[in-house]
Amino acid sequence: MVAYRAIISRFGVSKPHPVRPQAKGGSAVSPSLSWRPPSTGSSRGGITMPTSSIRHLGHGSELSLAEAADAKAAAATRAPLPEKKLIEPSWPDPVNMKMISIHEAEQLVRNFHQDLNPLIKILDLHLHTHDYVRSSSTVLYAAMLAAAAKFFRKDIYPQLLSQAQQLVTRAMSETLSHIGVIKAICILIYWKESGDRSSWMRVGWCVRLGYQLKLNYVRNEPLPADEFEARLVLDRERTWINLLCFDATYRRNHDFDQTPHLPVPTQLAIDKWVEETVKLGNLEDIYLAASLDSTKIHNVIFSLESTAPAGVDILRAHCRELIQMAEQKYYSAECEILSLFEALPARSRLLTTGLGTKTLVGTATYNKTRMSIDSIAISLSSTRLRQTNFNDPMALADFSEHVSNMVATLEMVERNEGLLDRLQDTIAMTLFSLGELLAKLVPIVGPGPMQQNIFRWLTQIFNVCTRCTDREDGAPAFIARFYRLLLLHSASVSVSMPPTRAASPVVGEQASATLTQEAYKNPFEELGWMFPDGAEGHQNALQSTSAADNEYWETLFPGASTDVMTWLDPTQFASV
């Protein structure tokens, strides 16, 4: 794996061609990629179709049978170019239906590119301009508007979401083969409603459609010289990389061990792909590469559970090496991406920053990537804990270090206003798994410094999510209520159960004399500010909270969340 600083020295960053497509009425809109009127052949949806194009059966034929056979044989040897002939039907969009004005829609598209797309990295900022998306994919256009309105125009969000869901349902029922449908579904999955349980099934549908559109083909030839064609090719590849990450995430969280999953192609040279897309100004595709690398590491860690004892240490060392390489590659990417950003001409920087108030290459996406790598490290160390029956002091010390890093990263995420809410299910799934493990460790480690550290971590996460809560159905609110329940459960069992092992060692700043010599305190005394009425008074309230929030966690962890809520049921807590 190469450091991305090499990309700067070898390639630099080129400026997208400064052209101005004309909006309706003749007014100029934001610069985009090279957008030209058709010269030869026909044009559909703003995309030129050469006269030599082979059409699907049923749409007419422009080549002889021999020519078509030769073209088909040649196409089989390389990844296909974008399917220009599969054009979405012209359906009414939210602007046509007078839900919002054209100016409001343009602002929401800017909001999406500035604050949401960096977290999912599914669109090309320079390709998917307002006018281009509206003219090429009504389904994607509606999904972008709905997702942005969820955070920036809450007054019209319900109407826009309803319209987007209706268009997606219609596209699926009519088996519409268009890349915009895949992107729209992924956007609505990432920023879904709290009670929406369709994510896993919709990801599978998108995978099938991706295969149908041949998005899984690995390109071996250089990008087309034409920038427009090059962006379309990269966009297909970007979509498939997103599907690889979506499929791996939901398969892992749904605990479908035997479910076939999308393999990451061994011939997919992600570093080379990043070099190509960064040259066109898509700086944050570096973090999409980080997500793919994280997926591959998770797959290796997943195989640890079924590895023979003789090979566990070797495979674990390999995982540790992969994590260290990812840290070196992407933690240092912050300054490298900023260097790339500064290398862009001023006009492209304006495009990248949207309204010019903040950079997309700043801390938001970087902190998300840091948290992803921290989560991988915790997964690896937790497998070691389980395989040693929680009796290895070094394994516990390693685990403690990674949890401390995760909590520190979460506090950094809090500084990006609204980021925790926009990360939504991504952060919720990570913190749910971490909280479950920490709470189960409380009776295992027994009273002492390690147990106090667990309470400190749980409390820190609770505090961060509480401060970031601005709506009751947002991810921070669900996480805060879950951690409140974890704290009550942990405080209860810690004073009612004898320790099952000796007190564990602590590392780093945790090993101070003050901490190691501090007398053990009743956790309820430590957490009295959180439970002013006492544990008994809060059991009923927390029980109702659990029932209300269970539906949300079921959408992320079907079955598994029910098991967790069972042992966290306040009626099962020991009296204190």
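Thresholds applied
Residues numbered from 1 in each chain as written. Predicted model: local features only at pLDDT ≥ 70, side-chain atom pairs only at ≥ 80, totals over all residues. Heavy atoms only, no water. Helix = DSSP H or I, 4+ residues; strand = E, 2+ residues; numbered from the N terminus. Buried < 20%, exposed > 50% of the residue type's maximum accessible area, 1.4 Å probe, protein only. Contact = heavy atoms within 4.5 Å. Areas by Shrake-Rupley, 256 points an atom, 1.4 Å probe, with all protein chains shown as cover. Salt bridge = Lys/Arg side-chain N within 4 Å of Asp/Glu carboxyl O. pLDDT = per-residue confidence, 0-100. Phe/Tyr/Trp six-rings, centres within 6.5 Å; stacked < 30°, edge-to-face > 60°. Expected span 1.5 Å × (residues − 1). Polar contact = N/O pair within 3.5 Å; in protein donor to acceptor, adjacent residues only side chain to side chain. Disulfide = S-S within 2.5 Å. Core = buried A, V, L, I, M, F, W, Y, C linked by side-chain atoms within 4.5 Å. Axes fitted to C-alpha atoms, helices over the stretch in contact; angles between N-to-C directions. Parallel < 35°, antiparallel > 145°, perpendicular 65-115°, else oblique. Left-handed = near helix turned anticlockwise from the far one by under 90°. Nonpolar A, V, L, I, M, F, W, Y, C, P; charged D, E, K, R; others polar.

1. Overview of the overall build of the chain
When helices and strands are tallied, the chain shows 24 helices and two strands. Expressed as a percentage of the 576 residues in the chain, the buried residues total 53%. Relative to all contacts within the chain whose residues are 6 or more apart in sequence, the contacts with residues 24 or more apart total 77%. Counting only carbon and sulfur atoms, one obtains 55% of the accessible surface of the chain, whose full area is about 24,700 Å².

2. Observations concerning the pattern of salt bridges
Following the criterion strictly, the structure yields 23 salt bridges and no others. For the salt bridge of Asp425 with Lys192, the shortest nitrogen-to-oxygen distance reads 3.4 Å. Placement of the pair is Asp425 in helix α18 (residues 425-445) and Lys192 in the loop between α7 (179-190) and α8 (199-212), with a sequence separation of 233 residues. Taken as a pair, Asp425 and Lys192 share a single burial class, namely buried. One salt bridge in this structure joins Arg238 and Asp235, with 3.4 Å as the shortest N-O distance.

3. What to know about the confidence of the model for the chain
The predicted model of the chain has a mean per-residue pLDDT of 74, with 64% of residues at 70 or higher. pLDDT under 50 marks residues 7-62. Its contacts with residues more than four places away, or in other chains, come to 108 contacts. Every residue in residues 570-576 is under pLDDT 50, and counting partners more than four places away or in other chains gives 19 contacts.

4. Some remarks on the packing of aromatic side chains
Given two aromatic rings, their pairing is described by the distance between the two centres and the angle made by the two planes. Under the defined criterion, the tally for this structure stands at ten aromatic pairs. With a centroid separation of 4.7 Å and an interplanar angle of 40°, the aromatic rings of Phe432 and Trp553 are classed as tilted. Of this pair, Phe432 sits in helix α18 while Trp553 sits in helix α23 (residues 534-556), and the two are 121 residues apart along the sequence. With a relative accessible area of 2%, Phe432 lands in the buried category. Judged by relative accessible area, Trp553 falls into the buried class, the value being 1%. Ring plane angle 50° and centroid distance 5.4 Å describe the contact between Phe482 and Trp553, whose orientation is recorded as tilted. With Phe482 in helix α20 (residues 475-494) and Trp553 in helix α23, this residue pair connects regions lying 71 residues apart in the sequence. Residue Phe482 shares its accessibility class with Trp553, and that shared class is buried. Members of the aromatic cluster, joined through ring pairs, are Phe432, Phe478, Phe482, Tyr483, Tyr552, Trp553 and Phe557.

5. Brief notes about the environment of Cys206
Locating Cys206 in the fold gives a position in helix α8. Between the C-alpha atoms of Cys206 and Asp247, which are 41 residues apart in sequence, the distance is 9.5 Å. Once you skip the residues sitting within four places of it in the chain, Cys206 turns out to touch Ile182, Ile185 and Leu243.

6. A closer look at the environment of Ala230
With respect to the helices and strands, Ala230 occurs in helix α9 (residues 227-253). Along the sequence, Ala230 and Glu276 sit 46 residues apart, while their C-alpha atoms lie 9.3 Å from each other. Sequence-distant contacts of Ala230, that is, excluding residues within four places in its chain, are made with Leu223, Pro224 and Leu280.

7. Here's the deal with unusual backbone geometry
One non-glycine residue, Lys214, lies in positive phi territory at about 60°. Checked against the element boundaries, Lys214 lands in the loop between α8 and α9. In the Ramachandran plot, Gln424 falls in the positive-phi region, its phi being about 50° despite a non-glycine side chain. Residue class for Gln424 comes out buried when judged on its relative accessible area of 4%.

8. Brief notes about helix α16 (residues 393-414)
Counting along an α-helix, one turn takes 3.6 residues, and residues three or four places apart therefore face a common direction. Compared with the 32 Å implied by 1.5 Å per residue over 22 residues, the 32 Å span of α16 between its first and last C-alpha is a close match. The backbone nitrogen of Met394 has a side-chain oxygen 3.0 Å away, supplied by the residue at the start of α16, namely Asp392.

9. Let's talk about the environment of Glu305
Counting through the fold element by element, Glu305 comes out in the loop between α11 (285-304) and α12 (309-331). Sequence separation of Glu305 and Gln387 is 82 residues, and the distance between their C-alpha atoms is 8.6 Å. With residues up to four places along the chain from it excluded, the contact list for Glu305 reads Thr383 and Arg386.

10. Notes on the state of the cysteines
Each disulfide consists of a covalent bond between the sulfur atoms of two cysteine residues. Applying the stated criterion to the full structure yields zero disulfides. A disulfide-free cysteine, Cys186 has its sulfur positioned 4.7 Å from the sulfur of Cys206, the nearest such atom. No disulfide involves Cys468; its sulfur sits 6.7 Å from that of Cys465, the nearest cysteine.

11. What to know about the nonpolar core
Among the nonpolar cores identified, the biggest contains 144 residues, and Trp191, Tyr483 and Trp553 are the most heavily contacted of them. In this structure Tyr483 touches Leu431, Leu434, Gly435, Leu458, Ile461 and Phe462, once residues within four positions along its chain are discounted.

12. Topic: the side chain of Arg202
Relative to the helices and strands, Arg202 resides in helix α8. Residues within four places of Arg202 in sequence aside, it is in contact with Gln165, Val168, Thr169, Met172, Ile185 and Ile189.

13. Some points on helix α5 (residues 138-152)
Here α5 contains 15 residues, and its C-alpha end-to-end distance of 21 Å stays within 8% of the 21 Å for a straight helix at 1.5 Å per residue. With 14 of 15 residues buried, α5 lies mostly within the body of the structure.

14. As for the packing of helix α10 (residues 270-279) against α11
Closest axis-to-axis distance for the α10/α11 pair is 9 Å, and the angle between their directions is 165°. One element, α10, and the other, α11, form an angle in the roughly antiparallel class. When you trace α10 past α11, the crossing you get is right-handed. Here Ile270, Trp273, Val274, Thr277 and Val278 of α10 lie close against α11, whose contacting residues are Asp285, Ile286, Leu288, Ala289, Leu292 and Asp293. In terms of residue class, the contact of α10 with α11 is built from eight nonpolar, one polar and two charged.

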